[in-house]
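The lines below spell out each chain.
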Amino acid sequence: MAEVKLYGFWPSPYSHRIIWALKLKGVEYEYIEEDLSNKSESLLKYNPVYKKTPVLVHGDKPIAESLVILEYIEETWPENPLLPKDPYERAMARFWIQYGVDTVAALRAFYQGSGEELEKAATELLESLKILEEQGLGDKRFFGGESMNLVDISYGALGYWLAAVEEVKGVKVLEPSTLPRLHAWAKNLDELPVVKGKHSGL
Amino acid sequence: MAADEQVTLLDTWASSIGMRVRIALAEKGVKYEFIEQDLWNKSGLLLQMNPVHKKIPVLVHNGKPVCESLVIVQYIDEVWKDKAPLLPSDPYQRAQSRFWADFVDKKIYEHGRKIMTTKVEDQEAAGKKDFIDTLKLMEGELGDKPYFGGETLGYVDVALLPYCCWFYTYENILNFSLEADCPKLNAYCKRCLQKESVSKSLEDPKKIYDFALKLRKKLGVE
């Protein structure tokens, strides 16, 4: 089998998504840490359009953009499927993954805000997550049902990453009182072997 | 398509992302009902079918709604898989198609919205050069192929082609010429418009410009 390399950046949830997917699929890979303040020639060669991580290189073929990489991993290593088989269910999964792209803006505003702006960002993030909890997750343990799938992977940052930001900001958004099901989901996710220990010390 | 299949598209005539769905359905030969939406006075049907975003396009297939234009296009490709495949079969080629369609979303769709909500005199500062550079990058990616999909129209073409009827509007607002600055892209649009699935799905560029001016007046930027 051709070699798999992952160019990543350790603090970035986008890189973690790829690591979790590769682990869930049991794919051996070489991880290469990028210094984003001093980008390697390889990164610039493999992702000339955005010059960002993560980039997966399979053999000599590079793939950039984490969500594109996740779909590639799913299709290339079909064992332990991470997307539903039914086209409608797949469309729903992709819809919720796309919803996460919009949530990133709310997360960023929360991360960067202070004072009144922080309060406003926290409220908007909460509203955004309420919709995710109610209509996306519902009463399921994971977005993928009994086990995690690409949707869970795409929301991974809502666990440890958001908790770290909440601690720094001194403002909590994802709590048992405000988002009980989503909070429980985040805890369940953090307990999974592929996730646990990946982000210690963050 | 089975006789009892019901396909409805909730859309607005001028929407570049709605046009993506129209092209995909036309390529697959799927008959559907087009229901024009009033986004200033949203219908109960739209609110019911897209409660999360309350936006178009929404494809309703046998009563079940699918939202987000590229999610819809992938759904169409998977359901009506026996005709005119939009995504290639090889996973790496599929990844490249997804990458470039996402690029169209990030760089052209998003900037298009900025163009529409920015005054003419502020367009240079708002990234006019970046927009034209983006179009040149797309030209590079097209290369000598007739379509981004290769010999046949594909996923990236579906994502990009609606702009062929919006370029006239952008040319006027940004004060540039697609033919002069991006001749390959200009030729690509002309060529693709010869396909019925494309010409029937897009709107008249002058009608789009008229619509755009009215909308810009409403938004206070014209």
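All values reported here derive from a predicted model rather than from experimental measurement. The written sequence of each chain sets the order in which its residues are numbered from 1. Here every chain gets a letter starting at A, and every ligand a number starting at 1, in the order they are written. Local features in a predicted model are, by the rule used here, given only for residues with pLDDT of at least 70; side-chain atom pairs are given and counted only at 80 or more, and totals for whole chains, interfaces and linings are based on all residues. Processing note: side-chain calculations cover all non-hydrogen atoms of the structure and skip hydrogens and water entirely.

I'd like a description of the overall build of chain A, backed by residues and values.
Looking only at helices and strands, chain A features 8 helices and 4 strands. Strands here are runs of E lasting at least two residues and helices are runs of H or I lasting at least four, both read from the DSSP assignment and numbered beginning at the N terminus. Reading the secondary structure of chain A in the N-to-C direction produces β-α-β-α-β-β-α-α-α-α-α-α. We compute the radius of gyration from the C-alpha atoms alone; for a globule the expected value is 2.2 Å times N to the 0.38, where N is the number of residues. Relative to the compact-globule value of 17 Å for 202 residues, chain A shows a C-alpha radius of gyration of 17 Å, a close match. Seen through its principal axes, chain A has C-alpha atoms that stretch 50 × 40 × 30 Å. Each residue's exposure class comes from its accessible area (1.4 Å probe, protein chains only) as a fraction of the maximum for that residue type: buried when under 20%, exposed when over 50%, partly exposed otherwise. Of all 202 residues assigned to chain A, the portion counted as buried reaches 50%. For the area figures, the Shrake-Rupley method with a 1.4 Å probe applies, and any residue is considered shielded solely by the protein chains shown. Here chain A displays about 9800 Å² of accessible surface, and carbon together with sulfur accounts for 51% of that area.

Explain the nonpolar core to me, and be specific about the residues and the numbers.
Nonpolar cores were defined as sets of buried Ala, Val, Leu, Ile, Met, Phe, Trp, Tyr and Cys residues, with membership established by side-chain atoms within 4.5 Å. In this structure, Leu56, Leu182 and Trp185 of chain A together with Trp166 of chain B are the most contacted members of the largest nonpolar core, which totals 138 residues. Shared between two domains, this core takes at least three residues from each, and those domains are domain 1 (7-79) and domain 2 (91-219) of chain B. Every residue in contact with Trp185 of chain A, bar those within four places of it in the chain, is listed here: Leu137, Arg141, Phe142, Phe143, Asp152, Tyr155, Gly156 and Leu158 of chain A. Here the limits of each domain have been adopted from an automatic or database domain assignment. Contact definition: two residues touch when any of their heavy atoms are within 4.5 Å.

Tell me what's going on with the sheet that holds strand 2 (residues 30-33) of chain A, and back it up with residues and numbers.
Residue and element names in this part refer to chain A. Two strands qualify as a pair provided DSSP detects at least 2 bridges between them. Sheet architecture is open: 4 strands sit in the order 2-1-3-4, paired in mixed fashion. Each edge of the sheet is formed by a strand with only one pairing partner; in this case those strands are strand 2 and strand 4 (61-64). Averaged over all pairs of adjacent strands, the angle between strand axes in this sheet comes to 20°, irrespective of strand direction. What counts as an axis is a line fitted to C-alpha atoms, over the stretch in contact for a helix, and the angles between N-to-C directions run from 0 to 180 degrees.

Requested: an account of the sheet that holds strand 1 (residues 7-11) of chain B, with residues and values cited.
Residue and element names in this part refer to chain B. Read from one edge of the open sheet, 4 strands run 2-1-3-4, paired in mixed fashion. With one partner strand each, in any of the chains shown, strand 2 (33-36) and strand 4 (64-67) form the two edges of the open sheet. Adjacent strand axes in the sheet meet at a mean angle of 20° when their direction is disregarded. Taken together, the 4 bridges between strand 3 (residues 58-61) and strand 4 define a ladder with antiparallel strand orientation. By the bridge assignment for strand 4, Val60 is matched with Pro65.

Describe the domain arrangement of chain B, listing the residues and the values that go with them.
Residues and elements named next belong to chain B. Domains assigned within chain B are domain 1 (7-79) and domain 2 (91-219). Each of domain 1 and domain 2 has a C-alpha centre, and the two are 20 Å apart. Taken together, the contact between domain 1 and domain 2 spans 15 residues of the former and 24 residues of the latter. Using a 1.4 Å probe, buried area is obtained as the accessible area two parts lose upon being combined, added over both of them. Summed over both partners, the interface of domain 1 with domain 2 comes to about 1900 Å²; 65% of that surface belongs to carbon and sulfur atoms. One side-chain nitrogen of Lys or Arg within 4 Å of one carboxyl oxygen of Asp or Glu is enough to make a salt bridge. One can count 3 salt bridges joining domain 1 with domain 2. With its nearest N and O atoms 3.6 Å apart, the salt bridge here joins Glu27 to Lys195.

Give a detailed account of the pairing of strand 2 of chain A, specifying residues and quantitative values.
All names here are of chain A. The sheet contact formed by strand 1 (residues 4-8) and strand 2 spans 4 bridges and is parallel. Considered in strand 2, the bridge of Leu6 is made with Tyr31. Look down the strands so they point away from you; if going from the first strand over the helix to the second traces a clockwise path, that crossover is right-handed. Since strand 1 and strand 2 lie parallel, the crossover through helix 1 (residues 13-24) that links them has a hand, and here it is right-handed.

Which residues make up helix 5 (residues 128-142) of chain B, and what values go with them?
Think of an α-helix as 3.6 residues a turn; residues three or four steps apart then line up on the same face. All names here are of chain B. To estimate the expected span of a helix, subtract one from its residue number and multiply by 1.5 Å. If you check helix 5, its first and last C-alpha atoms are 22 Å apart, about what 15 residues at 1.5 Å a residue would give, namely 21 Å. Regarding helix 5, the residues found buried are Lys128, Phe131, Ile132, Thr134, Leu135, Met138, Glu139 and Leu142. The arc that holds the buried residues of helix 5, viewed along the axis, is 150°, so those residues lie on one side. Projecting away from the buried face of helix 5 at angles above 90 degrees are the exposed residues Lys129, Asp130 and Gly140. Where helix 5 is buried, its residues touch helix 4 (91-116), helix 6 (155-160), helix 7 (167-174), helix 8 (178-181) and helix 9 (183-192). Positive phi appears at Gly143, one or two residues downstream of helix 5, with a value of about 60°. As used here, the arc belongs to the directions running from the helix axis to the C-beta atoms.

So, the UniProt feature "domain: GST N-terminal" (unreviewed entry) in chain B: which residues are in play, and what are the values?
UniProt positions are given in the numbering used here, feature names are shortened, and annotations may be inferred rather than shown by experiment. The UniProt record annotates "domain: GST N-terminal" (unreviewed entry) at residues 5-84 of chain B. Split by type, residues 5-84 of chain B is 38% helix and 21% strand. Its first and last C-alpha atoms lie 19 Å apart.

Help me get a handle on the state of the cysteines, residues and values and all.
Linking two cysteines covalently through their sulfur atoms gives a disulfide. Residues and elements named next belong to chain B. The term disulfide is used for any two cysteine sulfur atoms that are within 2.5 Å. This model, assessed by the stated rule, comprises 1 disulfide over all chains. Cys164 shares a disulfide with Cys189; S-S distance 2.3 Å. With the S-S bond torsion at -75°, the cross-link from Cys164 to Cys189 turns out left-handed. One end of the pair, Cys164, is in the loop between helix 6 and helix 7; the other, Cys189, is in helix 9, and 25 residues separate them in sequence. Judged on exposure class, the residue Cys164 and its partner Cys189 are both buried.

I'd like a description of the side chain of Gln74 of chain B, backed by residues and values.
Position of Gln74 of chain B relative to the elements: it lies in helix 3 (residues 69-79). Since its relative accessible area comes to 7%, Gln74 of chain B is described here as buried. Separated by 3.0 Å, the side chains of Gln74 of chain B and Arg98 of chain B make a polar contact. Side-chain polar atoms of Gln74 of chain B contact the side chain of Tyr155 of chain B, separated by 3.3 Å. In this structure Gln74 of chain B touches Glu71 and Arg94 of chain A together with Leu87, Arg98 and Tyr155 of chain B, once residues within four positions along its chain are discounted. Polar contact is the term for a pair of N or O atoms within 3.5 Å; when the atoms are in protein, one must be able to donate a hydrogen and the other to accept it, and sequence-neighboring residues count only if both atoms are side-chain atoms.

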